Number of protein chains: 2
Amino acid sequence: MHIILLSGGSGKRLWPLSNDTRSKQFIKIFRRPEGSPPLGKDEDTGYESMVQRVYRQIRSVDPDATVMIATAKSQVSSIHNQLGDGVSVSVEPCRRDTFPAIAIATAYLHDVIKVPADEAVVVCPVDPYVEDSYFQCLQEMCRKAEKQDGLVLMGIQPTYPSEKYGYILAREDSEGHSFFEFKEKPDAETAKKYIEEGCLWNGGVFAYKLSYVLEKSRELMGTNSYYQLYGNYSKLKKISFDYAVVENEKKLSIVKYNGEWKDLGTWNTLTEAMEGSYVGDVRMNDKCENVHAINEMSVPMLVMGCKNIVVSASPEGILVSDMDQSSYIKPYVDDIKQQIRFAEKSWGRYLVLDVEKKSMTVKVILNPGHKMNYHSHERRDEIWTVISGSGHTIVDGMEQPVKPGDVVTMAAGCKHTVIAGDKGLQMIEVQLGSDISVSDKKKYEFPYK
Amino acid sequence: MHIILLSGGSGKRLWPLSNDTRSKQFIKIFRRPEGSPPLGKDEDTGYESMVQRVYRQIRSVDPDATVMIATAKSQVSSIHNQLGDGVSVSVEPCRRDTFPAIAIATAYLHDVIKVPADEAVVVCPVDPYVEDSYFQCLQEMCRKAEKQDGLVLMGIQPTYPSEKYGYILAREDSEGHSFFEFKEKPDAETAKKYIEEGCLWNGGVFAYKLSYVLEKSRELMGTNSYYQLYGNYSKLKKISFDYAVVENEKKLSIVKYNGEWKDLGTWNTLTEAMEGSYVGDVRMNDKCENVHAINEMSVPMLVMGCKNIVVSASPEGILVSDMDQSSYIKPYVDDIKQQIRFAEKSWGRYLVLDVEKKSMTVKVILNPGHKMNYHSHERRDEIWTVISGSGHTIVDGMEQPVKPGDVVTMAAGCKHTVIAGDKGLQMIEVQLGSDISVSDKKKYEFPYK
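Residues numbered from 1 in each chain as written. Chains lettered and ligands numbered in written order. Predicted model: local features only at pLDDT ≥ 70, side-chain atom pairs only at ≥ 80, totals over all residues. Heavy atoms only, no water.

Undergrad: What should I look at first to understand the overall build of chain A in this one?
TA: A count of helices and strands for chain A gives ten helices and 28 strands. Radius of gyration (C-alpha) of chain A: 24 Å, near the 22 Å computed for a compact globule of 449 residues. Dimensions of chain A, computed from C-alpha atoms along their principal axes, come out at roughly 80 × 60 × 40 Å. The buried share of chain A, taken over its 449 residues, is 56%. At a minimum sequence separation of 6, the contacts of chain A that also span at least 24 residues come to 66%. Of the charged side chains in chain A, 55 are positive and 62 negative; the average position of the first set lies 4 Å away from that of the second. (Helix = DSSP H or I, 4+ residues; strand = E, 2+ residues; numbered from the N terminus. Rg over C-alpha atoms; globule rule 2.2 N^0.38 Å. Buried < 20%, exposed > 50% of the residue type's maximum accessible area, 1.4 Å probe, protein only. Contact = heavy atoms within 4.5 Å. Lys, Arg positive; Asp, Glu negative; His and termini not counted. Charge placed at Lys NZ, Arg CZ, Asp CG, Glu CD.)

Right under this line is the structure:
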């Protein structure tokens, strides 16, 4: 099976664990099943993220699947850290909704990975919380798509009259031809009626032969070349695959999925899927009922006698919310203006420890053998103090080995990088300047191979 | 009026805002009244601590009062930071209960501050949450003590049948002489009966002529000399002033206080006394009811739709507790083993930013013109990076000026100190070693005046 996983944008509904750079699918909150090895390059905590869970499920159903992730540039480091370097990633130069995203990912499969145009691919979101049988259903969709023209959709058997999903109804016209009706997110009463009529949820999952989407791309965007799509991406119209393709397609068929399917987009849905009641350094007394606590800070958390709440702490902030109210945090989080306090990078991760008017102190953790870009800053000096591991630095072309206790100072304008040894490297970086910003960064070619 | 404020030990009932070095009386949680100037040397936040509130109240009732604080060594820095250098402090070399503490404080007043033995002093806890009339009552107790021998006690009009306080009953013997009965903390039913009989709460407040306690000290401990008491302090018997003195005294009189009086020793009582519902960077939605949040961390806190809880965060940890349950946190907090994460020092304060196996990163904030002790560590190297302000360092006798961006490295064994300039100085200190401990510190005489 070829599979494209759509890895969506950064969300704030799971703040403070998701932020402008970490999307919800990268939060490690699910206990990894015993016996299954950890994925990716991160330190093993015994927990896995949504994207790791889905990837592991795909591999267990089809060890030979070609998995490709379509995502924004900002997620590439997280994907490689969590899934390893073996996974293919098609980078969207900017956000343009699902039709351009699926078109460019399909073109990437064809033009870069060289998948023949008559082979089928299935596209699905990166973060459904589902049983393994969901992925068997994807296989069936692929098989079906290979044998026919047009599109194969997944219809999910509704378990309650949800107002959050679109519905699909299979009907017949007066001449006995079957067709599908697509229904927008309804109110609860209408949803109930839909379910009685036999409607299914639209799972946002599509299978097709590559040629099908390549043809649609040419038709609707004037090209199906990966390189042309990439170059013109910012000018493509923002339109969803549903509007652009699905709802205009006559040759549709549906494969039904009748298993667990959850969208873990808010704290109350996410915590329902947690196995234990907490992750991290959390203590609770026995008077707590339905409390879920996730502590990503390095200080202890104590919860006493609370009911139906979620508590979540990260270097970004602290959330304490009633379960039901947790769906409404977005405007409050949008109102919080601050620098990003932690991020995954291709070389490891960083964590902001202290912010002052003219300084910022950051803990930098490089994975074994990894290195930063060779770069400089225009408006800040930096001072590195190595606290563990070893490696070497290059500063304005000068290389030197570093070990714990070594200090490296870099004035503004100075080119620098650090390369971790085989046990990784941690350091404290003090940034000094009156205008410290993540965007103040100029990259250079690495000074040697 | 002469007044001795007893400043009690570190408590964990208000964790994470109190810890092994910060007692509850130093938590800044009360909004300072408009127009009253900030006390002490700390940055002004508009809030005051219990000790600052009491000190301000004393000054407003009696601007000329001699205020002396009897406390442990560990609190001296906090007291001077919060009240300034003008306040007298009598240091107990170790903890020995209230009789030795009152005896040495009284001896200090007499021998060091040279208060005549026939003048009266009133002793009271440093942290009652009371109206100004409480301090007028202290004045009245002093006036009374000056005119008579023996002890003057404060009796507080009970407002409910508390099980937490001792009770006092004034009675008459068969010959018509009045005497007092002291009753231990009763159960609620007994307390109710006591109140019906006219009992008052024992407020732990005593007034006497200095000569009275000096005489008791000589009698019960063999000396009343401040220097002898100080030198032998660890050998003195642990006994409370109530047991050693009050309950054996015939010459007692009582001054009644009939106003607000609260012991803010647990989160539920403390939060009742808060004016607003939060302190620090806290956002709440309008579905919150009876939520109190105190955030001493540098990241935002969001509380949504919670009821009857206290949320409190500091570099020590995060507490989320039902109000009633908050009285029971002590055993859970005792179970948390970690290095102290923040502390007030004579020169300013420090804050632990990061802890690794062989390193600790600390933010050091020196107040203007202040300096650390000249000291060394046996088992760790240290590296300072100045992030704001200016000053100069002395390392193994070598002095040099420092400004933001300067780095100073000190190997284990090396003597060092830093002296802040007139705008203070902040720096990031990286400690490196396999056995980092606050007790690894050797102090030296300052290398010059």
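Undergrad: Any chance you could explain the packing of aromatic side chains here in plain terms?
TA: Two aromatic rings, taken as a pair, are described by how far apart their centres are and by the angle between their planes. Scanning all chains against the criterion turns up 34 aromatic pairs over all chains. The interplanar angle of 40 degrees and the centroid separation of 6.3 Å between the aromatic rings of Tyr 208 of chain B and Tyr 212 of chain B together place this pair among those described as tilted. Accessibility expressed as a relative area gives 0% for Tyr 208 of chain B, which makes it buried. With a centroid separation of 6.2 Å and an interplanar angle of 65 degrees, the aromatic rings of Tyr 374 of chain B and Tyr 444 of chain B are classed as edge-to-face. Note that Tyr 374 of chain B is positioned in strand β23 (residues 374–376) and Tyr 444 of chain B in strand β28 (residues 442–444), a separation of 70 residues in sequence. Since its relative accessible area comes to 26%, Tyr 444 of chain B is described here as partly exposed. It is Lys 415 of chain A that lies over the ring of Tyr 444 of chain A; its NZ or CZ is 4.7 Å from the centre. Residue placement shows Lys 371 of chain B over the ring face of Phe 446 of chain B; its charged tip is 4.7 Å from the ring centre. (Phe/Tyr/Trp six-rings, centres within 6.5 Å; stacked < 30°, edge-to-face > 60°. Lys NZ or Arg CZ within 6 Å of the ring centre and 35° of its normal.)

Undergrad: Is there a simple way to explain the nonpolar core in this structure?
TA: A general tendency of soluble globular proteins is for nonpolar side chains to be buried together. Core analysis: the biggest nonpolar cluster contains 45 residues, and Tyr 134 and Leu 138 of chain A have the highest contact counts within it. The element that contributes the greatest number of residues to this core is helix α4 (residues 133–147) of chain A, accounting for seven residues. When residues no more than four places from it in sequence are discounted, the contact partners of Leu 138 of chain A are Met 1, Ile 3, Val 122, Cys 124, Met 154 and Val 205 of chain A. One finds Ile 79, Val 152, Ile 156 and Cys 199 of chain B within the second-largest nonpolar core, a separate group that totals 44 residues. (Core = buried A, V, L, I, M, F, W, Y, C linked by side-chain atoms within 4.5 Å.)

Undergrad: Which parts of the structure should I look at to understand the packing of helix α3 (residues 98–111) of chain A against helix α6 (residues 210–221) of chain A?
TA: Any two packed helices are characterised by how steeply their axes cross, that is the angle between the axes, and by the distance between the axes. All names here are of chain A. Running from amino to carboxyl end, α3 crosses α6 at an angle of 125 degrees, the nearest separation of the two axes being 9 Å. It follows from the interaxial angle that α3 and α6 lie oblique. Two packed elements cross with a definite hand, and for α3 against α6 that hand is left-handed. Here α3 contributes Phe 99, Ile 102, Ala 103, Thr 106, Ala 107, Leu 109 and His 110 to the contact with α6, which in turn contributes Leu 210, Val 213, Leu 214, Lys 216, Ser 217, Leu 220 and Met 221. The class makeup of the residues in the contact of α3 with α6 is ten nonpolar, three polar and one charged. (Axes fitted to C-alpha atoms, helices over the stretch in contact; angles between N-to-C directions. Parallel < 35°, antiparallel > 145°, perpendicular 65-115°, else oblique. Left-handed = near helix turned anticlockwise from the far one by under 90°. Nonpolar A, V, L, I, M, F, W, Y, C, P; charged D, E, K, R; others polar.)

Undergrad: Before we go on, may I ask you to explain the interface of chain B and chain A in this structure?
TA: Bring the parts together and some accessible area is lost; that lost area is often taken as the interface size. In this assembly, 53 residues from chain B lie in contact with 53 residues from chain A. In total, chain B and chain A occlude about 4200 Å² of area from one another, counting both sides; carbon and sulfur atoms represent 67% of this. Counting the surface chain B buries against chain A, the share from its top three residues, Leu 302, Met 304 and Ile 318 of chain B, is 16%. Inspection of the region where chain B meets chain A yields six salt bridges. The salt bridge involving Asp 335 of chain A is made with Arg 283 of chain B; its shortest N-O contact spans 3.6 Å. Of all the elements, strand β19 (residues 317–322) of chain B adds the most residues to the side of chain B that touches chain A, at six residues. Across the side of chain B that touches chain A, the residue classes break down as 31 nonpolar, 13 polar and nine charged. Of the strand pairs in this sheet, strand β17 (residues 301–304) of chain A and β19 of chain B are connected by four bridges, and their pairing is parallel. Of the residues in β19 of chain B, the one forming a bridge with Leu 302 of chain A is Leu 319 of chain B. (Buried area = accessible area lost by both parts, 1.4 Å probe. Salt bridge = Lys/Arg side-chain N within 4 Å of Asp/Glu carboxyl O. Pairing = 2+ DSSP bridges.)

Undergrad: Mind showing me how you'd approach the relation of the copies chain B and chain A here?
TA: Note on the copies: chain B fits chain A at an RMSD of 0.1 Å, the axial shift is 0.0 Å, and the rotation between them is 179 degrees. When the rotation and shift are considered jointly, the pair of chain copies conforms to a two-fold rotation axis. Measuring from the rotation axis to each C-alpha of chain B, the shortest distance belongs to Leu 353 of chain B, at 2.9 Å. (Least-squares fit on C-alpha atoms with pLDDT ≥ 70 in both.)

Undergrad: Explain the side chain of Gln 57 of chain B here, please?
TA: Residue and element names in this part refer to chain B. Structurally, Gln 57 is set in helix α1 (residues 50–61). Overall, the relative accessible area of 3% leaves Gln 57 in the buried class. In contact with Gln 57, other than residues within four places in its own chain, are Val 130, Glu 131, Asp 132 and Phe 135.

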